[in-house]
Each structure stands twice: as structure tokens, then as C-alpha cells.
Amino acid sequence: MWQRGRVPATSPVDVDLALVGGGGAASLVLAALHRHRVAGVRVAVVDPVRKRGQDRTWAFWGAPGGDLEPLLSASWSRVEVVTPAGRRDLSLDPLRYAMLRSAPVYDRAAEAERWLNAVRVGAPAGELRDDGDRVTVCDLEDRALVRAGWVLDSRPRPPARPGRTSWLQHFRGWWLAAEKPTFDPGWAVLMDFRTPQPRRGVSFGYVLPVDERFALVEYTEFGPALLDDAGYDAALRGYAALLGLDLAALRVREVENGVIPMTDGPFVTRPSARVVRLGTAGGATRPSTGFTFSAMLRQADEVAAAVAAGRPPVPAPAYPGRHRWMDAVALRALDRGHVGGVEFFERLFDRNPPQRVLRFLDGTTSPAEDLAVMRSSPLLPMTGAVLGDAAGRLRARLRPATS
């Protein structure tokens, strides 16, 4: 069970900070603790699996430079948004769109663990018992594993109560390798809405080229229901045909799948005095798009800065309250058919500078910019969604939430 240190398995280890879950959110926190040169803090990681290798790809935008720059697989200052009506070539300067694969993130987290002399507990965590002074992390058989001053819990969990709208971002991607130059590494396709649209929801494809012979080609849906394996593969073959790719001349080197919640249901980010949730459970997933990475990165940096300063490791809310409201309205409008998904995103990119759209999706726009984004949406359909959301909020207040 104990993969580092000499603590007997029958005796719980005592630490200042315990990370429950060792995936992306925890890896970013570990790296941030190392980056902030946090010293003298006893750290434990509780997870039955040590993450390694390429099990996922994150895409995000921001200014060039920074701590992640050496880890990136590729980045682009120009992207395309494609609809049946045409192609939009967008310059993102001074921002750029970046691709980060998981292996270097996990490697950096492992390096940080060694630097912190962290204890890794190779067992699944169960209940977290917070007495207001210390938190006991138990295993699935209710035995104490760790006692910590603070616990950062990044295990997935549902919202406290069902959302008024609950969708999923679900996708499958093929890493395609070619024998001859096939892709243009100078451009990324951010969203391509020429894919057949589902009856309820929105679909799109995208292309992230690493170089002329290697690219991630992915099919994504936002909607209430998943596809089966045959459905995803058929959608990807169809999208490859739209791109003019000859799959017979390409090799699928890797396959990526994922499901991310898109819901206006509330997540309890602080379930007790000394337990803090991160990642999706900590509100890092943007309800209207499923984007998560940038918010996880902010959370990690805020946690590490707080620990370095001797403050409680409690990050700010991942998104402003007004953004969570706007997301709830947008989800409702899309789900009830008040506005079509392609029309919604088409107007968003047509009527706003791309930098504003990307900052909005990251939750970093100003109130004035948010008003400009709202004005780009169809007025009457969105007004109906606002009224429906208000009625839904009133009903939700009459139902108790759970942690």
C-alpha cells in the first residue's frame, strides 16, 4: 500500500496536505507546489493508480511562455472555425491555442513528488472525516489511511442535486499518422460544424496537427446521450471524408475517448471545513462547453501560492457567478431548441473578436465584455431561456442539496 516512506500499512501517516486522487488536477497541484518551491510541508497522494503515459490530451489557450511551454506538443496562433456557410480564419494574437498531452504532465508531477518527498498511498480512498482540526482519509473498508491538516479531493462526483439541464461533452479522437505530408501544422481547426447535427444537441469535429504527418482528428458532441462504439467510429469516418483524408493511407496510432459533464447543477466545492474539491468536482468544468483545463491550472496555482504563504489552500471559484448564470441560460436554450447549436457558436465567433470569445470560455472576461457576448446571441430565444431558467432556479431552491 505504501509506495514511499517506511510507514507500516496499519498506521495512518500524518501530513499537512493530502491529495485524494492522482489525475490531472492533482498532477497540476504537485507541479505548482514544486514551482512555488514550497518547502517544509508534508504531502501525501492517495490513489491506487500512478498515472503515466498518454491517456488524454488537453487543449487550452493563453499567452505564449510560462511554465507549461516546454511540455506542449504543439501550439497555434491561427485557427479555423468552419460552418456549412463558410470558413473563418481567426488570428488569436496575442493569445495562442495549445495542445498538452498527459505524459509530460504526469512526469512533472512525479518529479515534484520526489522533490516534496511526498508519501504515495496506493489504495482507493473512501470517506473523508473532518473534525474541524484534522481530516482522516479512510479506505473503502473504513480503515484510516492518512490524517491531514487539509485534503484536496479531485475524485469525480455528481453535483449536489441534478441540474435543470444536464448534458455531456462526449468524444472520440484518432491520432492519425501519414507516410507523406498531409496536415498543415500552421493551423488548427478549432470547431468544424459541417458534421451531421444530432436531433438534440450539437456536434463538431476538429483537427490538431502536431506536424505534417501526425495529427489528432476528433469528433465531439454536446448533448444528453452517448453514442455506441460504432456510432463514434462512423462519425469519425464521416468527418475524415469531409476533410478529404484517405483513411486507407493513414494509420490510427492511438484512440482517445472521453465524457465530460455539462450541467448547471451545483457542485459543493467545500464539503467541510478542511476538505476542498478540485477539478470537475470543484467546479472547474465550464457548463456550456465542458472546457476544464484552464480552470484546473488556475486552481493549482492558487492552491500552491496559498500553501507557500501559509494560508489555507482554498482557490477562488473557478468562474464568476455571472458566467455560471450565462452558462445555465445557454444550456437551457440549446436543450429546449430555443436556438440551434451551430447558429449559437456561429454568431458567437461572427460578432466577437476571437480573443474575447476565448477569454469568455475561460471565464476571464470583464462584465462589459460579457454584455457584448450576450448581445451576440439571438435576443428573443435567449429571453425565453432566461425566464425559464429563473423559474427553474425558484423550483430548485425548494429542493434540498446534498454534499
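Bear in mind that the values here come from a model prediction, so they are computed numbers and not experimental data.

Peer 1: Quick rundown of the sheet that holds strand β13 (residues 188–192)? Include the residues and the values.
Peer 2: Spatially, β6-β5-β13-β14-β15-β12-β16 is the arrangement adopted by the seven strands of the open sheet, whose pairing is mixed. Two strands in the sheet have a free side with no partner beyond their single neighbour: β6 (86–91) and β16 (250–263). Neighbour-to-neighbour, the strand axes of this sheet turn through a mean angle of 15°, independent of strand direction. Sheet topology places strand β14 (residues 202–211) next to strand β15 (residues 214–223); nine bridges connect them, and they run antiparallel. The residue of β15 that forms the bridge with Asp 211 is Phe 214.

Peer 1: Any details on the side chain of Ser 27? Residues and values, ideally.
Peer 2: Relative to the elements of secondary structure, Ser 27 occurs in helix α1 (residues 24–35). Ser 27 gets classed as buried once you look at its relative accessible area, which sits at 4%. A distance of 2.8 Å separates a polar side-chain atom of Ser 27 from the backbone oxygen of Gly 23.

Peer 1: Any chance you could break down the layout of surface pockets for me, citing the residues and the numbers?
Peer 2: Of the pockets and cavities examined, the second largest pocket occupies roughly 620 Å³. What lines the second largest pocket is a set of 32 residues, among which Gly 265, Pro 266, Phe 267, Gly 283 and Arg 324 lie closest to the centre. Sort the elements by how many residues they give to the lining of the second largest pocket and helix α5 (residues 321–335) lands first, with four residues. A per-class count over the lining of the second largest pocket returns 15 nonpolar, nine polar and eight charged.

Peer 1: Account for the sheet that holds strand β4 (residues 74–76), with residues named and values stated.
Peer 2: An order of β3-β7-β4 is seen for the three strands of this open sheet, with the pairing classed as antiparallel. Since the sheet does not close on itself, it has two edges, and those belong to β3 (57–62) and β4, each with one partner. Sheet twist, expressed as the average angle between the axes of neighbouring strands with direction ignored, equals 20°. In this structure, β3 lies alongside strand β7 (residues 96–101), joined through six bridges in antiparallel fashion. Counted as the bridge partner of Trp 61 is Tyr 97 from β7. Sheet contacts for helix α4 (residues 293–308): β3 and β7; angle to β3, the most-contacted strand, approximately 75°.

Thresholds applied
- Residues numbered from 1 in each chain as written.
- Predicted model: local features only at pLDDT ≥ 70, side-chain atom pairs only at ≥ 80, totals over all residues.
- Heavy atoms only, no water.
- Pairing = 2+ DSSP bridges.
- Helix = DSSP H or I, 4+ residues; strand = E, 2+ residues; numbered from the N terminus.
- Axes fitted to C-alpha atoms, helices over the stretch in contact; angles between N-to-C directions.
- Buried < 20%, exposed > 50% of the residue type's maximum accessible area, 1.4 Å probe, protein only.
- Polar contact = N/O pair within 3.5 Å; in protein donor to acceptor, adjacent residues only side chain to side chain.
- 1 Å grid on protein atoms, 1.4 Å probe; cavity = no way out; pocket = protein on both sides within 12 Å on 5 of 7 lines; lining within 4 Å.
- Points joined across faces, edges and corners; volume = space filled by probe spheres on them.
- Nonpolar A, V, L, I, M, F, W, Y, C, P; charged D, E, K, R; others polar.
- Contact = heavy atoms within 4.5 Å.

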